[in-house]
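# Structural characterization, general
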Amino acid sequence: PPSKTPMLTLLKQARAYGLGCVLATQNPVDLDYKGLSNTGTWFLGRLQTERDKARVLDGLEGAATTSGSGFDRGKTEAILSGLDSRVFLMNNVHDDEPVLFHTRWAMSYLRGPLTRAQIKLLEGDAPAVAAQAPTAHAPVATPAPKKPAKPDRPVVAPDVPQGFLDATRPLPEGASQLYRPALLSGAQLHFAQSRQGIDAWRTVTALAMLGDGRAPANPWTEATWSEEPLPMLGPEGDADAGYAPLPSGAGAKKSYTSWEKRLKSVVYKEHTLPVYYCKALKAWSDGEESEGDFRARLADLSREKRDLAVEKLRKRYAPKLRRLQDKIQRAEDKIGVQEAQLAAQKQNTLISAGTAVLGALFGRKTLTRGTASRVGTTISRGARISREKEDVERAIRDAEEARERLAELEAEFEDDIAELDERPDPASFDVEARPLRPRKGDLVIEPIRLAWTPWALGADGIATPLFEI
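The notes below deal with the structure included here. All of these numbers come straight from a predicted model, not from anything done at the bench. All residue numbers refer to positions counted from 1 along the written sequence of the respective chain. Totals for whole chains, interfaces and linings use every residue, but because this is a predicted model, local features are given only for residues with pLDDT of at least 70 and side-chain atom pairs only at 80 or more, for both listing and counting. Side-chain metrics rest on all non-hydrogen atoms present in the structure, leaving aside hydrogens and water.

### Things to note about helix H7 (residues 253-270)
- Each helix is a run of H or I in the DSSP string that is no shorter than four residues. Each strand is a run of E no shorter than two, and both are numbered from the N terminus. One less than the residue count of a helix, multiplied by 1.5 Å, gives the span that helix is expected to have. Over its 18 residues, H7 runs 26 Å from end to end, which matches the ideal 26 Å to within 8%, given 1.5 Å per residue.
- Ser-255, Tyr-256, Trp-259, Leu-263, Val-266 and Val-267 are the residues of H7 that are buried. With its buried residues spanning 100° around the axis, H7 presents them on a single face. The outward face of H7, more than 90 degrees from its buried face, is lined by the exposed residues Lys-254, Lys-261 and Lys-269. Partly exposed describes any residue whose relative accessible area lies between the buried limit of under 20% and the exposed limit of over 50%, with all areas from a 1.4 Å probe on protein chains only and scaled to the type maximum. The directions considered for the arc run from the helix axis to the C-beta atoms.

Below, the structure written as structure tokens:
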């Protein structure tokens, strides 16, 4: 075959000289996408691998960009994935959209093995065998064309478990039912991390479609995954349905043993449990919570943490507040005592002073020693009254200072509580998702079964699934 460089040059420059090229291949991945983008008309059949699909889609997209036309990559990929046998997709860069078409059913009615006389006739020795050759206008019996029979169910080894997946959608009018082969299995996954209190089980179901040709070495890379329970398979399918070919190797038990090992590897590497962690509260999700449920629990944890912090503040401030309250109570008691003593001292002083004055006025004319003594006592009690007043004022000042300090401490306590209330909303906390792998020793793989999946084959050749998992 020619090298890639001359082929690419031919594809890129031939139309400048009015030269057309026809390029046919079963391996699009071997072609340079730059050359494919210079192709104007495409005839695409069923592609076996995702690499081939990707290369063809890249070429179609490049061709559409060069011509200035639109290209729906997702729609085109869906059409290519659903192509059936003898159904092709024609894409012309000058048309608005691709077109699906069937190849014509060509039949040749041969007469059967050639006779020796006919062989000589074909070799050119006509006169010698003319008498033996049939006339040109001799009628030939032509059998009437028969409707092609539906493909029979492929035969598999007796030790390969198989069954039919039930259809969950009705068969559209005008469509025929077709069973396509697939691999069906499931796995039990155990996620455990005692440090964070995580212990959860998960169930996954895998359905891997099998195409034509040879069965892939690892069909699970393109499988459809679900967390629904493993569906039951029926023993028999629709009697009027046809069957797609079974890839070589899919009917032997040894293939299923190999696929089971690959399934275990894929499940372990690609199926993880999202565990959420909040650094602000140092909290982990339990493995069963969604991110929304975990954030709701963070709100409760934040309130509990705030209540614990408030209780801790109360315990810290309680002794100080209690001492100040006791001090105020003692000061108030002291004020009462001092005021009572002051009142008594005033009364005694008043009585003593009155007695001394009356004795001086109505007693003997001369000042006696007793009279002088009573006058001195009165003067001494006046001094004590002054000291009692100072004690009362001192007690009042002590009480006021204790009240002021109590008010300051209470305000400080309220400020600390307000600071706790100003913490950010748990909804704004950064939550980090950390994938947790399943425990390899606890991984349980269900036996792999060959599942015949129901599809609706339309008149346009596009097959659509009649099931879901």
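### Quick notes on the pattern of salt bridges
- Here, a salt bridge means any side-chain nitrogen of Lys or Arg that lies within 4 Å of a carboxyl oxygen of Asp or Glu. Evaluation of the coordinates by the stated rule reveals six salt bridges.
- For Arg-169, the salt bridge identified is with Glu-468, shortest N-O distance 3.5 Å. Placement of the pair is Arg-169 in the loop between strand S4 (162-164) and strand S5 (176-193) and Glu-468 in the segment after strand S14 (463-465), with a sequence separation of 299 residues.
- When the shortest N-O distance is used, the salt bridge between Arg-439 and Asp-442 registers 3.5 Å.

### Thoughts on the sheet that holds strand S3 (residues 99-102)
- Think of it this way: DSSP has to see at least two bridges between two strands before they count as a pair. Read across the sheet, three strands follow the order S1-S2-S3 without closing on themselves; strand pairing throughout is antiparallel. Both edges of this open sheet fall to strand S1 (41-44) and S3, since each of them pairs with a single strand only. The sheet shows a mean angle of 25° between the axes of neighbouring strands, taken without regard to direction.
- With four bridges connecting them, S1 and strand S2 (residues 87-92) associate as antiparallel partners. Paired with Phe-43 across the bridge in S2 is Met-90. Convention adopted: a line fitted to C-alpha atoms gives each axis, helices being fitted over their contacting stretch, and angles between N-to-C directions are expressed from 0 to 180 degrees.

### Considering the packing of aromatic side chains
- We call Phe, Tyr and Trp rings a pair once their centres come within 6.5 Å, taking the six-membered ring for Trp, and we label the pair stacked below 30 degrees between planes, edge-to-face above 60, and tilted otherwise. Evaluated as defined, the whole model comprises nine aromatic pairs.
- Here the aromatic rings of Tyr-243 and Trp-452 are separated by 5.4 Å at their centres, their planes lie at 90°, and the arrangement is edge-to-face. Here Tyr-243, found in strand S8 (residues 242-243), pairs with Trp-452, found in strand S13 (residues 449-457); they are 209 residues apart in sequence, far enough to count as distant. The pair Tyr-243 / Trp-452 is uniform in exposure class, with both members buried.
- Site record: aromatic cluster; members linked through ring pairs are Phe-164, Tyr-179, Tyr-243 and Trp-452.
- The positively charged end of Arg-180 is found above the aromatic ring belonging to Trp-455, 4.7 Å away from the centroid.
- A ring is scored as having a charge over it whenever the NZ atom of a lysine or the CZ atom of an arginine sits within 6 Å of its centre and within 35 degrees of its normal. The ring of Tyr-268 has Arg-437 lying over it, and the distance from NZ or CZ to the ring centre is 5.8 Å.

### Topic: the environment of Pro-28
- By the element assignment, Pro-28 lies in the loop between helix H1 (4-13) and helix H2 (33-36).
- Setting aside chain neighbours within four positions, we find Pro-28 in contact with Leu-47, Asp-52, Arg-55 and Val-56. By the convention used here, residues are in contact when the closest approach between their heavy atoms is within 4.5 Å.

### Description of the pairing of S13
- Buried residues dominate S13, accounting for nine of its nine residues.
- Neither face of S13 is exposed, since Arg-449, Ala-451, Thr-453, Trp-455 and Leu-457 on one face and Leu-450, Trp-452, Pro-454 and Ala-456 on the opposite face are all buried.
- Pairing of S5 with S13, which is carried by nine bridges, proceeds in the antiparallel orientation. Bridge assignment links Tyr-179 to a residue of S13, and that residue is Pro-454.

### Details of the nonpolar core
- For our purposes a nonpolar core is just a set of buried Ala, Val, Leu, Ile, Met, Phe, Trp, Tyr and Cys residues, chained together by side-chain atoms within 4.5 Å. Membership of the largest hydrophobic core comes to 34 residues, with the highest contact counts inside it found for Leu-183, Trp-220, Trp-259 and Leu-450.
- Only S5, strand S6 (198-209), H7, strand S9 (273-278) and S13 provide two or more residues apiece to this core.
- Excluding anything up to four places from it in sequence, Trp-259 contacts Leu-183, Ala-215, Pro-216, Ala-217, Pro-219, Trp-220, Gly-249, Ala-250 and Ile-448.
- If you look at the next biggest cluster of nonpolar residues, it comprises 15 residues, including Leu-31, Leu-57, Leu-80 and Leu-83.

### With respect to a negative patch on the surface
- Only residues above 30% relative accessible area that lack a salt bridge enter a patch, with like-charged residues linked at up to 9 Å and the nonpolar side chains Val, Leu, Ile, Met, Phe, Trp and Tyr linked at up to 5 Å. Each accessible area is a Shrake-Rupley estimate made with a 1.4 Å probe; only the visible protein chains count as cover when residues are assessed. A residue counts as positive if it is Lys or Arg and as negative if it is Asp or Glu; His and the chain ends are not included. Lysine's charge is taken at NZ, arginine's at CZ, aspartate's at CG and glutamate's at CD. A surface patch of negative charge is lined by Glu-410, Glu-412, Glu-414, Asp-415 and Glu-419.
- Mapping Glu-412 onto the fold places it in helix H9 (residues 369-421).
- With a relative accessible area of 37%, Glu-412 lands in the partly exposed category.

### As for a positive patch on the surface
- On the surface, a cluster of positive charge is made up of Lys-264, Lys-269, Arg-437 and Lys-440.
- Here Lys-264 is to be found in helix H7.

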